[in-house]
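Structural overview for review
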Amino acid sequence: MINSMEVRMNRWIYGWFALGFCLATAASGADYASPDQVIRKVRRLASDHRGVKMHVLAQTPGGRQVVLLEIGSDRYDAPAVLVLANPEGNQPSATQAALTLSETLVRDWTDLNHIKWYIVPMVHPDGHARFFQTPSAENFGNERPVNDDMDDQTDEDGPQDLNGDGYITVMRQKHPEGTWLAVQGGPLMKKAERSKGEQGVYRLFPEGIDNDGDGLINEDGPGGVIVGHNFPHRFAYHTSTGGPWPASEEETRGLLRFAFDHPDVVMVLTLGRTNSLKTVPPSSQQAEAGGDKYKLPKQFAEAMGLDPDTEYPIKDLVEMAREYTGYQELTEDMVLQFLGVGAAVNPNPGDLPYWNEVSKRYNEFMKEAKLDGKRLDPPDSPPGSVEEWAYYQYGVSSYSMDFWTLPVKEKESKDKKGDFPSPDEIEKMSNEDFIALGEEKIDAFLKESGAPPQFKAVMVINALKSGMMDTKRMAKMMRDNQKKEDTGGVDEADQALFDADPSAFLEWTPYDHPTLGRVEIGGRRPWSLLAPSAEAADSLIQKQLPFVRELVKLLPRFVIEPVEVSRVRDGVYRVEAWVRNQGFLPYPTHHGVRCKRPVPMVMTLQGDGVLPLEGERRIVLGLLEGSGGSQKCSWLLRAREGTAVQLEVRGPAGTAKTSVTLKGGAR
Ligand SMILES: [Ca+2]
Ligand SMILES: [Ca+2]
Ligand SMILES: [Ca+2]
Ligand SMILES: [Ca+2]
């Protein structure tokens, strides 16, 4: 019997994501634009509209073009936004969004005409092309052959659609060494948890045979490198998708070349799988710290009975910190983060308040659009991602947004403990709200959440105040801890998919495998976790793209105001001008100051027969904070009375001009 309460509940939960159900039929990419179609659309936009140009940035190993659409090529002095879509090749909805954005912009987005747009709808065309391959499979590399298993052949053992159903899925085999279980006779599989008395039954393999007879199945399939893992920031060596070295791929280099050739870019917006607007990236990435030694801050050294002037190897510090806090799970990363050392891998504290505010506005926008339902968290940026490169090395404001993940069932309030807030409630609180709970309550809350005894409210409050932690990140950590418990060991994404669309799991059907013998083939249909139907994506894109408009409204905007002229004596004048940033975001970013990019804004002074006695004709401006940050420029000029002096600020953030006449009178 159907429980009507539950039905109502589910309806409510999935209400905003009703569209998501369409994914049930997203068997192939019939309606998403294929790489060829994308190129055709871009070419047509460029030929049909004035001020729109197409650039070819690179040729992929698969012979496809990486194209960029320049919208507003007639807009001189306009700050530019670089939009990069689908860098990991696994988000056809992102490519779709970039096309929709381009079409909207060329048609008329009048209030955005002061901005120039560089839009790359497919950063990784070979990857995008794989969405359209048959049989349908989840692999996203480009077509550069890579010898994944380092044997004497390359790309020698890819998958096969053994049962001919059009999908590459999974084979399961009953085996004494099996570590997997079928969940209650259904299609879902989970790892057996021995600690709970569960015994493994199955071994899992990807669908295919051992083509080269090396004992491994599908260990070296076609391609390739994922462009969105190949950028030179936090690049990971020896991975199957990152490539042999940073920017090893022509696609990556083409994009880098374009970016460095176009210093007018002040913001990079990545449309893909990650979302740094929903949740500001953690300030807890581990820097490459090597085997260095570190000093402890004085107060902690003293509290732990250590010498503040001695340098300790990181391994020893971790041991001592574990002993001191009683928290055995402390890792090297956590201690390094605490010490604030290493290369820049965490958002600059100067940029964080802006980032937090932008994120807040994004989440408010999503709520307004009724798109704030509980859903699977978008993943953190992978190593070598383009969005991190754009911020940490290119030095500009860089945000990423995704368009879809599966809805997650709202849980009963059973995991709500006493008066303490649940992860959902914490997520909705601002940092200030949480701090306002007070030390006593936070301490009780930490105790209740199973935090180690030395984990005190003060630490959490300080972390929140310093921006090293925020309530969203806290909620995510709490959830991560709970996930396993809640799904009974089933992968959270699998469970979410099963709840939304049980038919996304193909039934296990017997198959006689040439080397394994009797197996069953089944499991999750490829792409079901990655792409909604094109129709559903369209609707989600239409609702979410307007945020891009909100985002670019935040760009820095310079004015010269006020300007004051006073006569010092005949023929000598004092000119004082304030350059102010009326936009929301600072220019450059705080991190940009550290990485010496982008190029600075410059103030120039010109006038007939004007001779500066004090002050330069050309003044390089420093960082101007957002919302009215200012810098004063001052000159002592020798000039004839009545001379007009032109002041101009120019640079990536745009141009501002003003003119004053040198004349008598005190100020
Ligand atoms: Ca090989
Ligand atoms: Ca198959
Ligand atoms: Ca091999
Ligand atoms: Ca093999």
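Residues numbered from 1 in each chain as written. Chains lettered and ligands numbered in written order. Predicted model: local features only at pLDDT ≥ 70, side-chain atom pairs only at ≥ 80, totals over all residues. Heavy atoms only, no water.

1. Re unusual backbone geometry
Trans is the prevailing form of peptide bonds, just as negative phi is the prevailing case for residues other than glycine. Rule in force here: For helices the rule is a DSSP run of H or I covering at least 4 residues; for strands it is a run of E covering at least 2, with both sets numbered from the N terminus onward. Throughout this description, buried means an accessible area under 20% of the type-specific maximum (1.4 Å probe, protein chains only), exposed means over 50%, and partly exposed covers the range between.
For the bond from Thr134 to Pro135, the omega torsion is -10°, close enough to zero to count as cis. Mapped onto the fold, Pro135 is located in the loop between helix H4 (125-129) and strand S5 (170-174). Between Gly223 and the following residue, Gly224, the backbone shows a cis peptide bond with an omega angle of -25°. By the secondary structure assignment, Gly224 is in the loop between strand S8 (202-206) and helix H5 (250-261). Residues other than glycine seldom take positive phi values, yet His238 does so here, at roughly 60°. Looking at His238, the relative accessible area reads 78%, which means it is exposed.

2. Some points on the environment of Leu376
Cut-off, in case you're wondering: Two residues qualify as a contact provided that any one of their heavy atoms is within 4.5 Å of a heavy atom in the partner residue.
Along the polypeptide, Leu376 turns up in the loop between helix H9 (352-368) and helix H10 (386-392). For Leu376, a relative accessible area of 10% gives the class buried. Sequence separation between Leu376 and Leu406 is 30 residues; the distance between their C-alpha atoms is 5.7 Å. For Leu376, the residues in contact, after removing those within four places along its chain, are Thr405, Leu406, Val408, Glu492, Ala493, Ala496 and Leu529.

3. Some details on the coordination of the calcium ion (ligand 4)
Rule in force here: Shown as donors are all N, O and S atoms within 2.8 Å of a metal ion, widened to 3.2 Å for Na, K and Ca; because water is not in the atom set, sites may appear incomplete.
At this site the calcium ion (ligand 4) is bound by Asp157 (OD), Asp210 (OD), Asp212 (OD), Asp214 (OD), Leu216 (O), Glu219 (OE) and Glu219 (OE), with donor distances of 2.2 to 2.7 Å. In the primary sequence, the donor residues of the calcium ion (ligand 4) line up as D-x52-D-x1-D-x1-D-x1-L-x2-E. The distance between the calcium ion (ligand 4) and the calcium ion (ligand 3) comes to 4.2 Å, with Asp212 serving as a donor to both metals.

4. A word on the nonpolar core
Here is the rule: We define the nonpolar core as a collection of buried residues of types Ala, Val, Leu, Ile, Met, Phe, Trp, Tyr and Cys that are connected through side-chain atoms lying within 4.5 Å of one another.
Counting 105 residues, the largest nonpolar core has Trp117, Leu271, Met603 and Trp635 as its most contacted members. Setting aside chain neighbours within four positions, we find Trp117 in contact with Leu69, Glu70, Ile71, Arg75, Val81, Val83, Leu101, Leu105, Leu112, Val548 and Val552. In terms of nonpolar packing, the next biggest core, distinct from the first, is built from 24 residues, Leu84, Val123, Ala247 and Ala390 among them.

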